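Each chain, letter by letter, is given below.
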Amino acid sequence: MISTVNFHLTSKCNYQCKYCFAHFCEVESQLNVDDRKKLVKALCAPKWVDKINFVGGEPTLIGDQLIDLMMVAKGEKSHPVRTSVTTNSSLISPDWIEKAAPFLDILTISIDSQFEDTNRKCGRCCKANGKVLSKEHYIALAAACHKNGIQLKINTVVSSINVNEDMADFINVIRPFHWKIFQVLKVDGENDVDFSKYAITGEEFDEYIENQRNILNDKKVLVKESNDLMRGSYLMVNP
């Protein structure tokens, strides 16, 4: 059984990642606060659900309601689930992490490169002003996770833009418990228009994985997720 639920709280995002597959273009409205809470309780009920991952768009755009939803999930004592948030991290700080810590098990930060120019080319930058997050920002968030007992996970999408780069030395600094590396995935109706610009072959993806593994201090943190593995891995709930 699929044990992880990805609850996409909103289709809105303050970033413009070129190959994002979670635009949810067909979704015309979003759930209100009460309905989101009811849905979280319903998702906690099945015994086969182990983890609820709050995602988007960008889930932190819903403000304090995000922590409220984590509190609801943790309050379902009949079947405790792990909580996770996947974010671009542009709207959170070490203080936010400390506030969320009692209700958050895993913080997943999406980082495709340690280089600001590459992230800008990927679209991992603010729509409004083109701002790209610094290494220092990520290092501060990582330190806050380690301090507050939250497991830090990093998601990296490998595309034609970053396939020839190394990021493992940066991973050695921030020390996540998992570094999940994805091959850029085409999803019809979401990111298929310009996908050919970013696509890489399975061989190129495998070579990237091996290059990173050779640099890592702790090789167990690396988790490879090819296109074949991604499909059918999660129960996805749209906004």
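Refer to the structure above for everything that follows.
Here the residue index of a chain counts from 1 through its sequence in written order. The model is predicted, so local features are restricted to residues of pLDDT at least 70 and side-chain atom pairs to those at 80 or more, both for listing and for counting; the totals for chains, interfaces and linings are taken over all residues. Side-chain measures here rest on the full set of heavy atoms in the structure, leaving out hydrogens and waters.

## Some remarks on the side chain of Gln65
The secondary structure listing takes helices from DSSP runs of H or I that are at least 4 residues long and strands from runs of E that are at least 2 residues long, numbered from the N terminus. If you trace the backbone, Gln65 turns up in helix H2 (residues 65-75). In protein, a polar contact means a hydrogen-donor-capable atom and an acceptor-capable atom, both N or O and within 3.5 Å, with residues adjacent in sequence counting only if both atoms are side-chain atoms; elsewhere, any N or O pair within 3.5 Å suffices. Within polar-contact distance, the side chain of Gln65 engages the side chain of Arg36 at 3.0 Å. We call two residues contacting when some pair of their heavy atoms lies within 4.5 Å. Every residue in contact with Gln65, bar those within four places of it in the chain, is listed here: Val33 and Arg36.

## Topic: the pairing of strand E3 (residues 82-87)
Most of E3 is tucked away: 5 of the 6 residues are buried. DSSP-based pairing: two strands are paired if at least 2 bridges between them are found. When strand E2 (residues 51-55) meets E3, the two strands line up parallel, connected through 4 bridges. Residue pairing across strands places Lys51 opposite Arg82, the latter belonging to E3. Alignment of E3 against strand E4 (residues 106-110), held across 4 bridges, turns out to be parallel. Across the sheet, Thr87 pairs through a bridge with Ile109, a residue of E4. Working definition: with a 1.4 Å probe on protein chains only, accessible area under 20% of the residue-type maximum means buried, over 50% means exposed, and in between means partly exposed.

## Here we look at the pairing of E2
The buried count for E2 comes to 5 of 5 residues, which makes it a mostly enclosed element. Across 5 bridges, the pairing between strand E1 (residues 4-8) and E2 is parallel. In the sheet register, Val5 faces E2, and the bridge partner there is Ile52.

## Structural notes on the pattern of salt bridges
Salt bridge criterion: a side-chain nitrogen from Lys or Arg within 4 Å of a carboxyl oxygen from Asp or Glu. The tally for this structure, following the rule as stated, stands at 8 salt bridges. Between Arg124 and Asp112 there is a salt bridge, with its nearest N and O atoms 2.8 Å apart. Highlighted residues: Arg124 in the loop between helix H4 (116-122) and helix H5 (135-148) and Asp112 in the loop between E4 and H4, separated in sequence by 12 residues. For Arg124, a relative accessible area of 12% translates into the label buried. Measuring nitrogen to oxygen at the nearest pair gives 3.6 Å for the salt bridge that ties Asp117 to Arg120. You can see Asp117 and its partner Arg120 sitting in helix H4, 3 residues apart, about one turn around the helix.

## Observations concerning unusual backbone geometry
Following Gly56, the chain continues to Gly57 via a peptide bond in cis, the omega torsion being 20°. On the secondary structure map, Gly57 appears in the loop between E2 and H2. One non-glycine residue, Ser89, lies in the positive phi region at around 70°. Among the secondary structure elements, Ser89 is positioned in the loop between E3 and helix H3 (94-100). In the Ramachandran plot, Arg175 falls in the positive-phi region, its phi being about 55° despite a non-glycine side chain.

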